[in-house]
Structure formats: C-alpha cells, structure tokens
Amino acid sequence: MGKKITAKSRSVKALAHEVEPEQKAPVIKAVLFELECMGFNGREALYDVLKKVFSEREIELTPAMFSKYCVCVQAKRFVPRILKASGKKRFSEEKTVSDILDELKNHFGNESLRPNAWIGKIVRVASQNGYIVGALSTMDQVTAVSLASKAGVENPEKNIFSFSWEERCCPSADSWIHLARHIGVRTVHCAALCTSSNSSK
C-alpha cells in the first residue's frame, strides 16, 4: 500500500517547484532594430524608388505589384519577374538592378533625410534607461553610420551591423546574432524590433 498523504505532507505545487524550478525571464540589456525600415520608412522609400526606375522602363508599378513581387525579395529576383509580367524583357535586368541600388543609396545618403520621431524617442528612452541600442542596416558602413547618428544611436560605428540587401533583403537570424556579438551582448539579453516576421528567419 502506498504512502498515505496527510495534511502535513508538502503540497503538490511545492513538490512540482522542486522538480521544475520556476524559470526567470532573461534580463534585457540591449534593444536592436532595423535601421532603414523602422527609422526611415524604408519600405515606402523602396516603393518610390522602384516606381521611378520602372517608369523609366515604361512600367507603372502599382501598390498591388509592389506587394506581390517586391516585399522581402531581392531586386535580382523580382526585377526579372516584373519585366516579364509587363512584357518589357528588352530592358536589361542587370542595369535595372544596378539603377535600383544606386537610387536607394542616393535616397538614404541624402543629408536632408530625417528619421521618424518615434524611433528617436525609443532610442533616447532606451539609452537613458541603460540599454545598449544597436541597429541592422542594408546600407554601406558610411551611410549606415550617418543614418544611425541621425536616429540617435550612441557610438554608431560600434553599435551597427551592415548586411547586403542584395544578399538578403530582410535581416536573417544570423544578422541579429552578428549584431549582438558586435555590440558584446548575448542574444538572450537582446530585444529585437522587427518590421516583418521574415526578419527573424
């Protein structure tokens, strides 16, 4: 016959805590975000750039086409599809991609470009509360540092990580890991602000 459970016996809940101790949430030490998309309306900028580049090739890019072909996809993948769907295959795919990249660099490299007010507030409040703020950028290092400085990121040369938009249009999980290592904080202690679920795959 099994042991009799009495009022003096320890509660099931107490025993459960002994077997499976309660896990504490990791302490957040850093806040990471997508620099262009969150700080400077990156997707709207991309739409405007594509609309201009494709109009030069007699193609009217609509919001529906942008959503279907261009969101979270590299230019080298969506350009051939749009040229083919529009019956404009006579235009060079390579030249079209090159023009898109040049226009994006010109847009984000413009000295008059200003960040969204709310991202500046997030960066400021996070910094004031002792969090390290880091950013992922699709731009070259010089442009990325300039954008991060405008957004209020402290020590932008150290606290940003750039990846090529042509290699991967959205930051991958590896990109976030590289950024965390770059700023010297373990990933478990980082909170990432993303604009798409694709940003964490």
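The structure this text deals with has already been given above.
Our subject in this report is the structure included herewith. (Residues numbered from 1 in each chain as written. Predicted model: local features only at pLDDT ≥ 70, side-chain atom pairs only at ≥ 80, totals over all residues. Heavy atoms only, no water.)

### Focus: unusual backbone geometry
- Non-glycine residue E58 carries a positive phi angle of around 65 degrees.
- With respect to the helices and strands, the residue E58 is situated in the loop between α3 (42–55) and α4 (63–70).
- Positive phi is not limited to glycine here, since C72 has a value of about 60 degrees.
- Counting through the fold element by element, C72 comes out in the loop between α4 and α5 (75–85). (Helix = DSSP H or I, 4+ residues; strand = E, 2+ residues; numbered from the N terminus.)

### Remarks on helix α8 (residues 141–150)
- Of all the residues in α8, the buried ones are T143, A144, V145, L147 and A148.
- On its buried face, α8 sits against α2 (35–39), α6 (93–108), β2 (132–137) and β3 (160–162). (Buried < 20%, exposed > 50% of the residue type's maximum accessible area, 1.4 Å probe, protein only. Contact = heavy atoms within 4.5 Å.)

### A closer look at the side chain of S137
- Within the secondary structure layout, S137 lies in strand β2.
- The exposure class assigned to S137 is buried, which follows from its relative accessible area of 0%.
- Of note is the side chain of S137, whose polar atom sits 2.6 Å from the side chain of E36.
- Filtering out sequence-adjacent residues up to four positions away, S137 remains in contact with L35, E36, A144, F161, S162 and F163. (Polar contact = N/O pair within 3.5 Å; in protein donor to acceptor, adjacent residues only side chain to side chain.)

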